[in-house]
Amino acid sequence: MKTFTFDLAYWSHSGFLKDKDGMLVSAGSNSRYAGQREVFRDLGQGVLDNAWQGYNATLLAYGQTGSGKSYSMIGYGANRGIIPVVCEELFKPIQNQKNKQYQVTFSMLEIYNEQVIDLLSETKKPGGLKVREDQQQGFYVDGLKLVPCDSYAQIERLMEQGTKIRTTASTSMNATSSRSHMVITIQFKQIFLDEDITKQSVINLVDLAGSERQKSSGSEGDRLREGTRVNLSLTTLGNVISALAEVAMGKKVLHIPYRDSVLTKLLQSALGGNSRTIMIAAVSPADICYEETLSTLRYAERTKKIKNKAVINASPMEKHIMELKAENNKLLSRLTGLGNSGKTVADETKLRCLLAENELRIRTIQLTWEYRLEEARKEWEQQYAAITQERRMMETFPYLLNINEDPQLSGVLKHFIQEGSCDVGQSASNAITLKGLGILDKHATFTNTEGKVTIMPWEKCKVVVNGVPITMKTKLQHLDRVILGSNSAYLYVGFPVECTNEDLIRYDYDFFQSELAAAEGFSVDKLGIVNNKDGKPDPSVLAVFHNYIKLMPLVAEANQMSEELKKELKLELKVKNLASSDSRGHDLQKEVIVKVTNKMTNQVWVWSKAKFINRKFLMEDIYQHFLDGEDVYVGQDRDPFWDPVEVIHLGSAHIWLQSLAYCMKLEEQTEVLNSEGMEEAILLINIAPCSSDGRAFGEDDMVIDPLELLGRRIDFQIHILQCLGVKWLREVTERGIQIGYRVYDLPHSLYTKPVWKNMNAKIEERVHFSALNASHKFLNYLQKNALIVDLWGLQEGCTELDYSLQDMVTNEGAVIVDNPKTVIAKDIGLGTTNQISDLYLKLLKLEEETELLRDINRALREENVFLKDKLKKWETGHHESKKLKSPNKRAIKMTKQPLSSKEADQMCNHRTSYDADFAKALKVFYQNMNIVRGQFLKLKHSSPPEEDNLQMLRLFTERQSHMLKDFGEQLESSICRLKNDVALIVKKKRESMA
């Protein structure tokens, strides 16, 4: 439980209904739902009030991607956000005012990777617009388009235009809105004509990039710096906020880093300066977002401590006009004085020229606004005509509707398919020009004839329809999903007669990606783990599926960039099952990883999700230089497509150690499974209990109860014989393998010697282990845990794993496990065992001996109770039988003699003998079943000959038939023997009891 205090808190996740206009409203008086109206009433109205009073106002939305920042700021559909409502409400009072002049200018920009992009300009400047500094106005964007507006309709159109440009840019370079900041600035000037007073305010409405941080296990461990400058602005914003919060608390701060990023330069006045500022902290209610939510709330809490110094602003331009008017008044006074004093004509002429010049400058300044407004009105009329034409075409032709990862950018672009044939591609000569990764100059051809639309990909061009790649002419149906190139997604909207009132909102970006995943055979069902209580998938599985479909388009883009840059890398998404690394076999959470293969050298790397995302940012940087025609060569140390060759984890096998707890030999032939649960190899391994000199134990050394080994020395050997059918070597014969495992409390894993170029690698390595004084924990480990044996893949150029045992082997040639010295050294942080005091060791020894005595005492007490019960029953039975045998039915006085110690020992020995017999029978059955299992694996892994040879196939069938017969006979024999052994033991026990 964490507690935070803010000015306002809203819940918008549930408890709402949709009204007839599509607005989301509260479901009732008991609902705590807060809609867009409530948020505007509390926040947006305050921004407007500040603007009317002449204060600068700023509204920031901060939070992780998907938490509702853009929904709060822009809105969706009928549920308009703060920005459009503020703009609309601003113009309502203006229309009813007299004796005042109002000037409203609108600008819209995006900051991505520290570049400023003007969203109202059709032309994109390479490297973006520059941020400059002026003594009077502070930081400003040089060349940013400022559009005068006299109605909300104009602003609404400008926002649509800006969104369209933003969408086009994101399609061509995948600069998704979740990774960019959007800043809308409204300059609002009020000129009071009667009083010669001017109030001017600047309203900044900022939708910040997603605040999610990279996990420490991912990109922080990468050899390359964190993904370019994508997160620089947010990091700097956090540093500025922290510094200002410390200033507000009275601490001395030497430097506030406004100049470290573009965003903080532009928001300098909003943070600790001349502005009234509001921050919305958008958080997700999902438990998997707990860390991000906590981070967002702490960020906002620091922000709340900042103290701004807002003042009412006077316009520099109006000041200039007033100064010119004042100067003119002085000049007129001087002219009047000249006439009275009789000064020269030349002086009078000079003053009149200055007066006329000032009047001209005043008229120019005043006329500039009218002229700019008229020009903006003309441009708006042209855009309105384009909108009208687009609406007419929607009523006539089918079209492609863009689908973007950001719902705000979906449905913005419409590409009409007119009658006849129209080509699609990067070339400007095409009927439909599309930019994007993997889209070629001539990519596909749409044909619209006789009320039917078909699509035909050009040679080697990637086109996917409804999740399935196509290579031939394909007819399109209304609401078909089309993906062109790597990831340009479009919804096909058919002819008007085909269109229904169906809500298109369900065909979002995730729908497209889920469809692609399903076509590739990936689904939630395939991941497994259904919650038995309600039959729904486990939340962790849904999280993995969500991660997978989110990464799919990014991997497709990375592959396309690799191809175009001739890097020869192939990236594939995989789901890693973490259960393979758990010694108790628990089904742990899965995670998504990226397998990277060099197509030329066959070298393989495995990247975490965070590392891949980091690398993709860097790939985009290089690719952008490539698109700009620049030199893209970088050294290996800075190349995101390159990594040093590394050892690859291929899979794991679980070897259960329970038999060792009973001093029984284990001979295993087991599968090594990779992270996807598929067989990677077959491992042959023996684990055998032995004496201290390595002599193997026989049947007589077996124990019935593992507690018998408590406090005793336990020796065993792990013998790895062979690794068969290694897929890693089947793919590339030049590779090698090593096997590693870690027993109980060993500080690190042990590895076998490397074996190269052998698919059926012979290992033949044996290691002797000793537990000098077996503890409870160690015996519990043997009974409940498995030895995890890892298979590692070696490739040319990688560093082999260290397989030396020099530091671990004793003089007797054994590796010590269950070593209390090691545990103590770990617990109290000492570097070597020599530092442990003798007193502590003696105390530990005494504790173990006491525990042993307690266990023996407990066992003896239980045995005592058992014998007393037996004696009591025997005495009662014997007494009754004597009474029945008496002829004259008189009570016969008997002298009861207690059971002799010899008889009691015999009874106890009988019981122990039956338990031992039963344990031996089980051991024989276990060994027989091991043989059966080996036969089953042979059957499973034998495959028919690849050649179409009838003779070979007949021989294979006969061999399989014999193996199947042997398997059945062995299984039946094992079960039959166990039944006979158990029956014999039961018979003996009954006879003894009788």
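All values reported here derive from a predicted model rather than from experimental measurement. (Residues numbered from 1 in each chain as written. Predicted model: local features only at pLDDT ≥ 70, side-chain atom pairs only at ≥ 80, totals over all residues. Heavy atoms only, no water.)

**Concerning the overall build of the protein**
Along the backbone of the protein there are 20 helices and 37 strands. Counting every position in the protein, which comprises 994 residues, the buried fraction comes to 43%. For the protein, contacts bridging at least 24 residues in sequence account for 67% of all contacts bridging at least 6. Here the protein has roughly 55300 Å² of accessible surface; of this, 52% comes from carbon and sulfur atoms. (Helix = DSSP H or I, 4+ residues; strand = E, 2+ residues; numbered from the N terminus. Buried < 20%, exposed > 50% of the residue type's maximum accessible area, 1.4 Å probe, protein only. Contact = heavy atoms within 4.5 Å. Areas by Shrake-Rupley, 256 points an atom, 1.4 Å probe, with all protein chains shown as cover.)

**Quick notes on the sheet that holds strand E17 (residues 432-433)**
Ordered in space as E17-E16-E18-E19-E22, the 5 strands form an open sheet in which the pairing is mixed. Each having just a single partner strand, E17 and strand E22 (474-475) make up the two edges of the open sheet. Here strand E18 (residues 444-449) runs beside strand E19 (residues 452-457); their pairing, made up of 6 bridges, is antiparallel. Bridging from a neighbouring strand, Thr445 pairs with Met456 of E19. (Pairing = 2+ DSSP bridges.)

**Remarks on the sheet that holds strand E23 (residues 481-484)**
In spatial order, the strands read E15-E14-E24-E23-E20-E21; together these 6 strands make up an open sheet with antiparallel pairing. Single-partner strands in this sheet number two, and they are strand E15 (414-416) and strand E21 (468-469). Inspection of the sheet shows E23 paired to strand E24 (residues 488-493) by 4 bridges, in the antiparallel sense. Across the sheet, the residue bridging to Val482 is Tyr490, located in E24. Sheet strands touched by helix H10 (residues 509-519): strand E14 (399-403), strand E20 (463-465), E23 and E24. Its angle to E23, the strand with the most contacts, is close to 80°. (Axes fitted to C-alpha atoms, helices over the stretch in contact; angles between N-to-C directions.)

**Some thoughts on the pattern of salt bridges**
As enumerated under the stated definition, the model contains 25 salt bridges in all. Asp21 is paired through a salt bridge with Lys20; the nearest N and O atoms lie 3.7 Å apart. On the basis of relative accessibility, which here comes to 53%, the residue Asp21 falls in the exposed class. Lys20 gets classed as exposed once you look at its relative accessible area, which sits at 79%. Salt bridges linked by common partners bring Lys164, Glu390 and Lys414 together as one network. (Salt bridge = Lys/Arg side-chain N within 4 Å of Asp/Glu carboxyl O.)

**Quick word on empty space enclosed by the protein**
Empty space among the atoms can be located by rolling a probe the size of a water molecule over them. The tally for this structure, following the rule as stated, stands at 2 cavities of 30 Å³ or more. Space inside the second largest cavity adds up to approximately 40 Å³. Lining the second largest cavity are Val147, Gln154, Leu158, Ala376, Glu379, Trp380 and Gln383. Among the elements of the structure, helix H4 (152-173) and helix H9 (345-394) are those that each provide at least two residues to the lining of the second largest cavity. Of the residues belonging to the lining of the second largest cavity, the class tally is 4 nonpolar, 2 polar and 1 charged. (1 Å grid on protein atoms, 1.4 Å probe; cavity = no way out; pocket = protein on both sides within 12 Å on 5 of 7 lines; lining within 4 Å. Points joined across faces, edges and corners; volume = space filled by probe spheres on them. Nonpolar A, V, L, I, M, F, W, Y, C, P; charged D, E, K, R; others polar.)

**Digging into unusual backbone geometry**
Of note, the phi angle at Asn113 is positive, near 55°, even though the residue is not glycine. For Asn113, the location among the structural elements is in the loop between strand E6 (100-112) and strand E7 (115-118). Residues other than glycine seldom take positive phi values, yet Tyr744 does so here, at roughly 45°.

**A word on the packing of aromatic side chains**
For the coordinates displayed, the defined rule picks out 16 aromatic pairs. Where Tyr623 meets Phe626, the ring centres are 5.8 Å apart and the plane angle is 35°; that geometry is what we call tilted. Here the residue Tyr623 and the residue Phe626 both occupy positions in helix H13 (residues 609-627), the gap between them amounting to 3 residues, near one helical turn. For Tyr623, a relative accessible area of 4% puts it in the buried group. Here Tyr744 and Tyr781 contribute two aromatic rings whose centre-to-centre distance is 5.0 Å and whose plane-to-plane angle is 45°, an arrangement assigned as tilted. In this pair, Tyr744 is assigned in the loop between strand E32 (736-741) and strand E33 (750-751) and Tyr781 in helix H16 (residues 776-784), connecting sequence segments 37 residues apart. A relative accessible area of 10% places Tyr781 in the buried class. Directly above the aromatic system of Trp607 lies the positively charged group of Arg615, at a separation of 5.1 Å from the ring centroid. (Phe/Tyr/Trp six-rings, centres within 6.5 Å; stacked < 30°, edge-to-face > 60°. Lys NZ or Arg CZ within 6 Å of the ring centre and 35° of its normal.)

**Observations concerning the pairing of strand E8 (residues 131-134)**
The sheet contact formed by E8 and strand E9 (residues 138-141) spans 4 bridges and is antiparallel. Within E9, the residue paired with Val131 across the bridge is Val141. The turn joining E8 and E9, which pair antiparallel and follow one another in sequence, is formed by 3 residues.

**Details of the pairing of strand E30 (residues 679-690)**
E30 sits mainly inside the fold: 11 of its 12 residues count as buried. Pairing of strand E29 (residues 666-673) with E30, which is carried by 8 bridges, proceeds in the antiparallel orientation. Bridging from a neighbouring strand, Gln669 pairs with Leu684 of E30. Between the end of E29 and the start of E30, which pair antiparallel, lie 5 residues, with Gly677 showing a positive phi angle near 85°.

**Quick look at the side chain of Asn204**
Among the secondary structure elements, Asn204 is positioned in strand E12 (residues 197-207). A polar atom in the side chain of Asn204 sits 3.1 Å from the side chain of Thr185. Apart from residues lying up to four places away in sequence, Asn204 is in contact with Ala57, Thr58, Leu59, Val183, Ile184 and Thr185. (Polar contact = N/O pair within 3.5 Å; in protein donor to acceptor, adjacent residues only side chain to side chain.)

**Structural notes on the nonpolar core**
Leu571, Leu573, Trp607 and Phe612 are the most contacted members of the largest nonpolar core, which totals 50 residues. It is helix H12 (residues 539-564) that contributes the most residues to this core, 11 residues altogether. Looking at which domains feed residues into this core, each of domain 3 (403-501) and domain 4 (526-638) gives three or more. Discounting chain neighbours no more than four positions away, the residues touching Phe612 are Leu551, Leu554, Val555, Ala558, Leu571, Val594 and Trp607. With 49 residues, the next largest nonpolar core counts Leu657, Ala681, Leu709 and Ile718 among its residues. (Core = buried A, V, L, I, M, F, W, Y, C linked by side-chain atoms within 4.5 Å. Domains from an automatic or database assignment.)

**Quick word on the confidence of the model for the protein**
Detailed reading of the predicted coordinates is not advisable wherever pLDDT is low. In this model, the protein carries a mean pLDDT of 81, and residues with pLDDT of at least 70 account for 80%. Here residues 823-840 is modelled with pLDDT under 50, and outside its nearest four sequence neighbours on either side it reaches 14 contacts, counting other chains as well. Here residues 884-899 is a poorly scored stretch, pLDDT under 50, and it has 5 contacts once near neighbours within four places are set aside; other chains count. (pLDDT = per-residue confidence, 0-100.)

**A short note on the packing of H10 against H12**
Interaxial distance between H10 and H12 falls to 9 Å at its minimum, and their mutual angle equals 95°. On the basis of the axis angle, H10 is roughly perpendicular to H12. Residues Tyr509, Asp510, Gln513, Ser514, Leu516 and Ala517 of H10 lie in contact with H12, whose contacting residues are Phe545, His546, Ile549, Lys550, Met552 and Pro553. When the residues that make up the contact of H10 with H12 are grouped by side-chain class, the tally is 7 nonpolar, 3 polar and 2 charged. (Parallel < 35°, antiparallel > 145°, perpendicular 65-115°, else oblique.)

**Observations regarding H12**
Under the 1.5 Å per step criterion, the end-to-end length of H12 is 38 Å for 26 residues, consistent within 8% with the ideal 38 Å. Its maximal kink placed at Met552, H12 deviates by approximately 30°, while the proline Pro553 follows within four residues. Phi turns positive, to about 60°, at Lys566, one or two residues after H12. (Expected span 1.5 Å × (residues − 1). Bend = angle between axes of the 7 residues up to and from the residue.)

**Brief notes about the environment of Leu673**
Within the fold, Leu673 resides in strand E29. In this structure, the C-alpha to C-alpha distance between Leu673 and Asp790, residues 117 residues apart in sequence, is 9.5 Å. Aside from chain neighbours lying at most four places away, what touches Leu673 is Leu650, Gly651, Ser652, Met678 and Glu679.

**Points about the UniProt feature "binding site: ATP" (unreviewed entry) in the protein**
What UniProt calls "binding site: ATP" (unreviewed entry) maps, in this numbering, to Gly63, Gln64, Thr65, Gly66, Ser67, Gly68, Lys69 and Ser70. Within the element layout of this structure, Gly63 appears in strand E3 (residues 57-63). Classification of Gly63 as buried rests on a relative accessible area of 0%. Discounting chain neighbours no more than four positions away, the residues touching Gly63 are Lys69, Ala209, Gly210, Ser211, Ala282 and Thr296. As for its placement among the helices and strands, Ser70 is situated in helix H2 (residues 69-73). If near-sequence neighbours (up to four positions away) are discounted, Ser70 is found in contact with Gly75, Asp207 and Gln408. (UniProt positions renumbered as here; feature names shortened; annotations may be inferred.)

**Things to note about the environment of Asn547**
Considering the arrangement of structural elements, one finds Asn547 in helix H12. Residue classification places Asn547 among the partly exposed positions, given a relative accessible area of 23%. Each C-alpha atom of the pair Asn547 and Ile593 lies 9.9 Å from the other, and the pair is 46 residues apart in sequence.

**Quick word on the packing of H12 against H13**
Packing of H12 against H13 leaves a shortest axis separation of 10 Å and a crossing angle of 35°. Crossing geometry of H12 relative to H13 is assigned as left-handed. Taking contact as the criterion, the partners of Asn547, Leu551, Leu554, Val555, Glu557, Ala558, Met561 and Glu564 in H12 are, on H13, Lys609, Phe612, Ile613, Lys616, Met619, Glu620, Tyr623 and Phe626. When its residues are assigned to classes, the contact of H12 with H13 shows 10 nonpolar, 1 polar and 5 charged. (Left-handed = near helix turned anticlockwise from the far one by under 90°.)

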